[in-house]
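Geometric and topological summary
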Amino acid sequence: MDINNHDYTILIVDDVDANVLLLRLLISKAGYKTMTALNGRDALEAVNKQKPDLILLDIMMPVMDGHEVAKRLKETPEYADIPIIFLSALNSTEDVVQGFKFGAADYISKPFNKDELLTRINHQISLIESKRIIQRQTEELRKTIIGRDKLYSVIAHDLRGPIASIRMVMELLISEIKPENIGEDMYELLTMANRLTDDSFSLLDNLLKWTKSQTGRLNTVFQDNVDVMNLINGVVEVQKSVAALKKVKINVIGSTNRIARIDIDMAKTSLRNLISNAIKFSYENSNVDIVIEEAEDRIYIAVRDYGTGISQDNQEKLFKPDIHFTSYGTDNEEGSGLGLLICNEFVRRNGGTLKFTSTEGEGSTFVFDIPTATSLEKK
Amino acid sequence: MQDSIDNQKYPIPDLSYLRELTDGDEDAMKEIISIFLDEAPKLIKMMKESAEAKDHEKLKFATHKLITQLTYVGVNSIVPEVKLINSGSVNMKDLNERIERIILVIENSITYLKGLI
């Protein structure tokens, strides 16, 4: 760390002219700028005029002693961070301890050793410089994060609306137009466009939700008496049409009649992402199983595919926000790497846990739980 | 600046510490000595008066200020005695005698130091 001593001002406070003169001589020779005051009251006035970086403070002084000066400075938020080195002939253990109680950063006994004095001053200045570097970096990081979140938010908001409209039009077209009317090739293109639109919308939705959750602008809205099976069936129905495009069959295995107190949108988003991932990594003509199991106070929902699976190396990258991990599906589908992060966050917010097992070449199972109470069981 | 003196009764002020602090800067040394020559009589007076008046707080203040300045100009022989008075003058039955002895040494040092500037 390069420190330019000329950038730092040290206030010397002592009622003995000889001390002030000697200290100013030594400190100036070391390259620091100096200010001086001959008593406590003058010291406070000097600080008000120009905030020093460090104060060398005598204790026993007329008008106002060093302890009182330190106390007043520490009580003033603007000046509380100025390090104070007490420099005093009062050098009993009790005096030294008392000095630290008044907020001293260090304590030097008079008569002082020149090298020790300068070493202790340099040490304090190094600490100040380190603190300033950290503050500057923290501020830069804060601005960067604000800028990033703003960018994400704008992208997600501004694109989400138009894409949602296109998605509706595409869905309408695909449901109304028959292949024989426009030809197989054109219908296939239309189907692909529909799928891409759907993927884009999901990505933007995930991006918006992730940004909101990371910036503290996404509240968990718990709703009572949520019919869990109804929620699962709703998500599965929508995903079945996506799966059909890839000739993947979704099977719902098991059932529950429990109700839960959860954020419906978060639960739906979690399940939608897991099923979407399962389809993405499944081969044509394979199955995706949604397995529902009841436990004493919770329901486990597993999403199992028989697709590519995840390598051991890649498994360690999942759920880590600082690692951007994404991979292509079996049909070269792209991902954002956000889906699982959102699942993990939303499941946690709903009081559950998301876990997975996977074997490369055999498939993956992601399972999450929703807390329920048997007493809340549907009548 | 010559440190030698022919006075055999009192120790000669040792300016090595001051020389070290000032890196041998003659002007700075002379300035510190001048401050001592200016301050010491006032502190002697304060010591004497506060001892006679048994004002131990004031005596503590005067001795406290004196300790550092005596050290700068190398009047080291009486520093332990001044420290003793600073920390425990209340219990000293021979306080005035001790102070008189200290004053004699300081006055002699003043005479010596005056000859240097």
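What you see is a predicted model, and the numbers here were worked out from it, not measured in a lab. (Residues numbered from 1 in each chain as written. Chains lettered and ligands numbered in written order. Predicted model: local features only at pLDDT ≥ 70, side-chain atom pairs only at ≥ 80, totals over all residues.)

1. With respect to the overall build of chain B
Helices and strands together make up the secondary structure of chain B, namely five helices and zero strands. Seen in sequence order, chain B has helices and strands lined up from the N terminus as α-α-α-α-α. Relative to its full complement of 117 residues, chain B shows a buried share of 34%. Partitioning the intrachain contacts of chain B with sequence separation of at least 6 by distance along the chain shows that 62% fall at a separation of at least 24. (Helix = DSSP H or I, 4+ residues; strand = E, 2+ residues; numbered from the N terminus. Buried ≥ 20, exposed ≤ 12 C-beta atoms within 10 Å, placed from the backbone. Contact = placed C-beta atoms within 7 Å.)

2. Quick look at the packing of helix α3 (residues 56-72) of chain B against helix α4 (residues 79-88) of chain B
Between two packed helices, the angle of one axis relative to the other and the distance separating the axes together describe the packing. Residues and elements named next belong to chain B. The contact between α3 and α4 brings their axes to 9 Å, and the two run at 160 degrees. Here α3 lies roughly antiparallel to α4, going by the angle between them. In this structure, the crossing between α3 and α4 has a hand that is left-handed. Across from Leu59, Lys60, Thr63, His64, Leu66, Ile67, Leu70 and Thr71 in α3, the residues of α4 making contact are Val79, Val82, Lys83, Ile85 and Asn86. Residues belonging to the contact of α3 with α4 are distributed by class as follows: seven nonpolar, four polar and two charged. (Axes fitted to C-alpha atoms, helices over the stretch in contact; angles between N-to-C directions. Parallel < 35°, antiparallel > 145°, perpendicular 65-115°, else oblique. Left-handed = near helix turned anticlockwise from the far one by under 90°. Nonpolar A, V, L, I, M, F, W, Y, C, P; charged D, E, K, R; others polar.)

3. Quick look at the sheet that holds strand β2 (residues 33-37) of chain A
As a general point, the strands of a sheet are linked pairwise by backbone hydrogen bonds and lie either parallel or antiparallel. All names here are of chain A. An order of β2-β1-β3-β4-β5 is seen for the five strands of this open sheet, with the pairing classed as parallel. Edge positions in the sheet fall to β2 and β5 (106-109), since each of these pairs with one other strand and no more. This sheet shows a mean twist of 20 degrees between the axes of neighbouring strands, independent of strand direction. Across three bridges, strand β3 (residues 54-57) lies against strand β4 (residues 84-88) in parallel orientation. Bridge pairing in β4 places leucine 57 opposite phenylalanine 86. (Pairing = 2+ DSSP bridges.)

4. Some words on the pairing of strand β12 (residues 363-371) of chain A
All names here are of chain A. Where strand β10 (residues 298-305) meets β12, seven bridges bridge the pair, whose relative direction is antiparallel. In the strand pairing of β12, isoleucine 301 is matched with phenylalanine 368. Taken together, the six bridges between strand β11 (residues 354-359) and β12 define a ladder with antiparallel strand orientation. Each bridged residue has a counterpart across the sheet, and for serine 358 the counterpart in β12 is serine 364. In sequence, β11 turns back onto β12 through a hairpin of three residues, with glycine 361 there showing a positive phi of about 90 degrees.

5. Things to note about the environment of Ile106(B)
All names here are of chain B. With respect to the helices and strands, the residue isoleucine 106 is situated in helix α5 (residues 95-114). Residue classification places isoleucine 106 among the buried positions, given that 24 C-beta atoms sit within 10 Å. With 69 residues separating them along the chain, isoleucine 106 and leucine 37 place their C-alpha atoms 9.9 Å apart. Setting aside chain neighbours within four positions, we find isoleucine 106 in contact with Ala40, Ile44 and Val75.

6. Some details on the interface of chain A and chain B
Contact residues are listed per partner, giving 13 residues for chain A and 16 residues for chain B. Element by element, the count of residues in the side of chain A that touches chain B is highest for helix α1 (residues 17-29) of chain A, at seven residues. For the side of chain A that touches chain B, the class distribution of residues is nine nonpolar, one polar and three charged.

7. What about the packing of helix α9 (residues 264-280) of chain A against helix α11 (residues 339-349) of chain A?
Residue and element names in this part refer to chain A. Direction vectors running N to C along α9 and α11 enclose 145 degrees, while the axes themselves pass 9 Å from each other. In this structure, α9 crosses over α11, and the sense of that crossing is left-handed. Between α9 and α11, the contacting residues are Met266, Thr269, Ser270, Asn273, Leu274, Ser276 and Asn277 on the first element and Gly339, Ile342, Cys343, Phe346, Val347 and Arg349 on the second. Looking at side-chain class alone, the contact of α9 with α11 contains six nonpolar, six polar and one charged residues.

8. Digging into the confidence of the model for chain B
Residues and elements named next belong to chain B. Per-residue pLDDT for chain B averages 87, and the proportion of residues at 70 or more is 92%. Taken as a whole, residues 2-7 scores under 50 in pLDDT and shows six contacts with residues more than four places along the chain or in a different chain. Across the predicted assembly, pTM comes out at 0.62 and ipTM at 0.83. (pLDDT = per-residue confidence, 0-100.)

9. Points about the confidence of the model for chain A
Mean pLDDT over chain A stands at 89; residues scoring 70 or higher make up 98%. Contacts for the low-pLDDT stretch residues 375-379 of chain A, under 50 throughout, to residues beyond four places or in other chains number seven contacts.

10. Focus on helix α7 (residues 184-214) of chain A
All names here are of chain A. Here α7 spans 45 Å end to end across 31 residues, near enough to the 45 Å set by a 1.5 Å rise per residue. All buried positions along α7 are accounted for by Asn194, Thr197, Ser202, Leu204, Asn206, Leu207, Trp210 and Thr211. Close packing links the buried residues of α7 with α5 (114-176), α9 and α11. (Expected span 1.5 Å × (residues − 1).)

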